[in-house]
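The primary structure of each chain is shown beneath.
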Amino acid sequence: MDEAELQALEKKIIHNFDSQSDAFYTSGILLDDGVIDRVTRARCWAWPSTSAARPKPPTPAMQFGVSRP
C-alpha cells in the first residue's frame, strides 16, 4: 500500500469510530439502556438514599410451629 491509501484507510477508520462512539448512536442500535436526562439521573441516584433513611417496620414474630415427622 502506498501512503495515500494508508491515509485514506486511516481516515475511514477514524470516521467510523467517531460516528459510532456517540451516545445516541449506541442507544439507537440498542447497545445500552438508553440516554437518561440529568433530572431523571439525579432522581434515580437520590431514591436509594431516601428509601434507606426511612424507618423499617418491625418484623412480626413467627405465628406457626415447626412440623416434624
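Residues numbered from 1 in each chain as written. Predicted model: local features only at pLDDT ≥ 70, side-chain atom pairs only at ≥ 80, totals over all residues. Heavy atoms only, no water.

## Looking at the overall build of the chain
So, point 1. When its secondary structure is counted, the chain shows three helices and zero strands.
So, point 2. For the chain, the succession of helices and strands along the chain, N to C, is α-α-α.
So, point 3. Relative to its length of 69 residues, the chain is extended, with a C-alpha radius of gyration of 28 Å against a globular reference of 11 Å.
So, point 4. For the C-alpha atoms alone, the extent of the chain along its principal axes is close to 85 × 45 × 20 Å.
So, point 5. For the chain, with 69 residues in total, the buried portion stands at 3%.
So, point 6. Accessible surface for the chain amounts to roughly 7,000 Å². Of this, 61% is attributable to carbon and sulfur atoms. (Helix = DSSP H or I, 4+ residues; strand = E, 2+ residues; numbered from the N terminus. Rg over C-alpha atoms; globule rule 2.2 N^0.38 Å. Buried < 20%, exposed > 50% of the residue type's maximum accessible area, 1.4 Å probe, protein only. Areas by Shrake-Rupley, 256 points an atom, 1.4 Å probe, with all protein chains shown as cover.)

## Considerations on a negative patch on the surface
So, point 1. Together, D2, E3, E5 and E10 make up a negatively charged patch on the protein surface.
So, point 2. The residue D2 is located in the segment before α1 (3–20) in this model. (Patch = residues over 30% accessible without salt bridge, like charges linked within 9 Å, V, L, I, M, F, W, Y side chains within 5 Å. Salt bridge = Lys/Arg side-chain N within 4 Å of Asp/Glu carboxyl O. Lys, Arg positive; Asp, Glu negative; His and termini not counted. Charge placed at Lys NZ, Arg CZ, Asp CG, Glu CD.)

## Things to note about a nonpolar patch on the surface
So, point 1. A grouping of M1, L6, L9, I13 and F17 is seen on the molecular surface, where their side chains present a nonpolar patch of about 540 Å² in accessible area.
So, point 2. Within the secondary structure, L9 sits in helix α1.
So, point 3. Classification of L9 as partly exposed rests on a relative accessible area of 39%.

## Quick notes on the confidence of the model for the chain
So, point 1. For the chain, mean pLDDT is 81; residues scoring 70 or higher make up 97% of the total.
So, point 2. Ranking the helices and strands of the chain by mean pLDDT puts α1 first, with 93, and helix α3 (residues 38–53) last, with 74. (pLDDT = per-residue confidence, 0-100.)

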